[in-house]
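Fold and geometry: a report
The residues making up each chain are set out below.
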Amino acid sequence: MYSFFESVERSFNKAAEYTKWDKGLLEQIKACNSIYTMRFPVKMDDGRIEVIEAYRVQHSQHKTPCKGGIRFSGEVNQDEVMALASLMTYKCAIVNVPFGGAKGGIKINPRNHSTYELEKITRRYTAELVKKNFIGPGIDVPAPDYGTGEREMAWIVDTYASLKPGEIDAAGCVTGKPISQGGVHGRKEATGLGVFFGVREVCKNANTMKKLGLTTGIEGKRIIVQGLGNVGYHCAKFFRENGAIVIAIAEYEGAVYNENGINEEELFQHRKTTGSGNNFKDSTFIPKSSDALELDCDILIPAALENVIDGNNAPRIKAKIVAEAANGPLTPEADEVFVNRGILVIPDMYLNAGGVTVSYFEWLKNLSHVRYGRLEKRFTESMNHHILTELELLTGKEASAKARKLIEHGADEIDLVHSGLEETMISATQEIMEIMQENPTIPDMRTAAYICAINKVALSYTELGIFP
Ligand code: NAD
């Protein structure tokens, strides 16, 4: 049994054998550069003082700032944060986002704390990061992860800005913020939408699909999603909206199954009102949540936590494609089982890179202090209007109202963000698939993704002149 960080190292070493880089350089790329472990006291609502355990790991500064989410979970530990920080470095490299990898974690179960307690913990954590120079728009920029969202990011930016008065780029100290606090449209759904774009691109490849015994395209594919949080919810939404059938959604209290498809928003509302997925309309409730992963389906999307598929349950998984929306949902043993069984694993380190890609767009927006589309939207619309009117005069034909609306439309922030994300995920998928095609001895997509990442990080070190 490997620790999470050891699993990442193992995958790295496997891929490194396909590269020609100096051993020392490979060791440098693999190592976590800075690890900050914290203990700080917070007074809880009942007057009790609790000592909070927290971490921030900066895996690599080959590009700055460092970037990576902050996780709130009772399972947080140093090994996990190190593994997640490493994955961030490789992920950013693959999608050409110019950041080094980092990750943060606070060892708390958010369900056991009031909103006020969570705010105090988050603000104190931020203050600790400021004290040690571990946060800042040019140093290290956190984001949401498991157990955190827009609300926590708003507390972080507010704390940072109040401790750094006059810092004009303060909004860029964290991403995933609410729009009113400097966030960007499209960040909330970015990871789930990126997973959709990545899987759709793989499913377009006729050869790959033929080998898996599947038809090309997303339409009609039967999907199982684990986790109805930010990532899982949006994965379910975009697959359903594009013609797939989400037959099961697993949450921690059990799974909901319906062969005719589940609407994620209705299930979300049902769980919000009743506290559970039990008794959801027209569906079967499976009390042992992990059993749902083993149901027959085309694509399984783990979007909750790491190590949920291991050597034990991997032989029972019936999906043809496992799309890793979560970070590290498969152990190395599960990976081996899937390679041997011909199941395609689309790896986390690029498939869930939509979040960091749009975080990059948010950071750029914060540094430029202007909303995307603000300068050109109206200009584009009036130019398109003139061109269309001229064409109508020349041809003597009139465009339909629908076509006119579509052609004249100038891009809003959301249009630009979604299109930038789509382009990023398609290019990354193609790059990784090309690496596999060039060398048929590469056993799986994860190894190809690591090769892609290692080559890019190594190149940036050599171009810095640090390694010849
Ligand atoms: P989240 O907290 O919004 O959602 C996680 C969901 O998983 C929760 O609803 C939780 O109840 C559920 N869950 C917990 N244990 C479960 C179990 N045993 N079975 C089924 N469901 C369970 O977190 P998130 O932001 O959606 O992150 C999910 C995963 O995606 C994590 O691995 C995270 O690192 C990764 N990720 C997130 C982002 C992002 O932008 N939020 C980006 C990249 C990767």
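Given the structure is predicted, the values throughout are model-derived calculations rather than measurements.

Here we come to the sheet that holds strand β12 (residues 344-346). In spatial order, the strands read β9-β8-β7-β6-β10-β11-β12; together these 7 strands make up an open sheet with mixed pairing. If you trace the sheet from one side to the other, it starts and ends with β9 (284-286) and β12, each paired once. For this sheet, the mean inter-axis angle between neighbouring strands, taken without regard to orientation, is 20°. Bridge count for strand β6 (residues 222-226) against strand β10 (residues 299-302) is 4 bridges, and the pairing is parallel. In the sheet register, V225 faces β10, and the bridge partner there is I301. In this fold helix α6 (residues 190-204) packs onto β10, β11 (321-323) and β12, with an angle of close to 145° to the strand it touches most, β12.

Domain annotation of the protein chain identifies domain 1 (34-181) and domain 2 (185-376 + 411-468). Spacing between the C-alpha centres of domain 1 and domain 2 amounts to 24 Å. Across the contact, 39 residues belong to domain 1 and 35 residues belong to domain 2. Carbon and sulfur atoms supply 66% of the area that domain 1 and domain 2 bury against each other, a total of about 3,000 Å² over both sides. Looking only at domain 1, the three residues that lose the most surface to domain 2 are H62, K91 and I94, adding up to 22% of its buried area. For the interface between domain 1 and domain 2, the tally reads 2 salt bridges. Where K177 meets E362, a salt bridge forms, and the shortest distance between an N and an O atom there is 2.7 Å. Counting every contact that joins domain 1 to domain 2 gives 12 residue pairs in polar contact (both at pLDDT 80 or more). Counting residues per element, the side of domain 1 that touches domain 2 draws most heavily on helix α3 (residues 78-94), at 10 residues.

Close to the ligand lie 22 residues; D145, T191, V231, E251 and N327 are nearest. Residue N230 places a main-chain N or O atom 2.9 Å away from an oxygen atom belonging to the ligand. Notes on the ligand: free accessible area 830 Å², of which the protein chains cover 86%. Within the residue set of the shell around the ligand, elements represented by two or more residues are α8 (230-241) and β7 (245-251). A class-by-class count of the residues in the shell around the ligand yields 9 nonpolar, 9 polar and 4 charged.

Parameters at a glance
Residues numbered from 1 in each chain as written. Predicted model: local features only at pLDDT ≥ 70, side-chain atom pairs only at ≥ 80, totals over all residues. Heavy atoms only, no water. Pairing = 2+ DSSP bridges. Helix = DSSP H or I, 4+ residues; strand = E, 2+ residues; numbered from the N terminus. Axes fitted to C-alpha atoms, helices over the stretch in contact; angles between N-to-C directions. Contact = heavy atoms within 4.5 Å. Domains from an automatic or database assignment. Buried area = accessible area lost by both parts, 1.4 Å probe. Salt bridge = Lys/Arg side-chain N within 4 Å of Asp/Glu carboxyl O. Polar contact = N/O pair within 3.5 Å; in protein donor to acceptor, adjacent residues only side chain to side chain. Near = heavy atom within 4 Å. Areas by Shrake-Rupley, 256 points an atom, 1.4 Å probe, with all protein chains shown as cover. Nonpolar A, V, L, I, M, F, W, Y, C, P; charged D, E, K, R; others polar.

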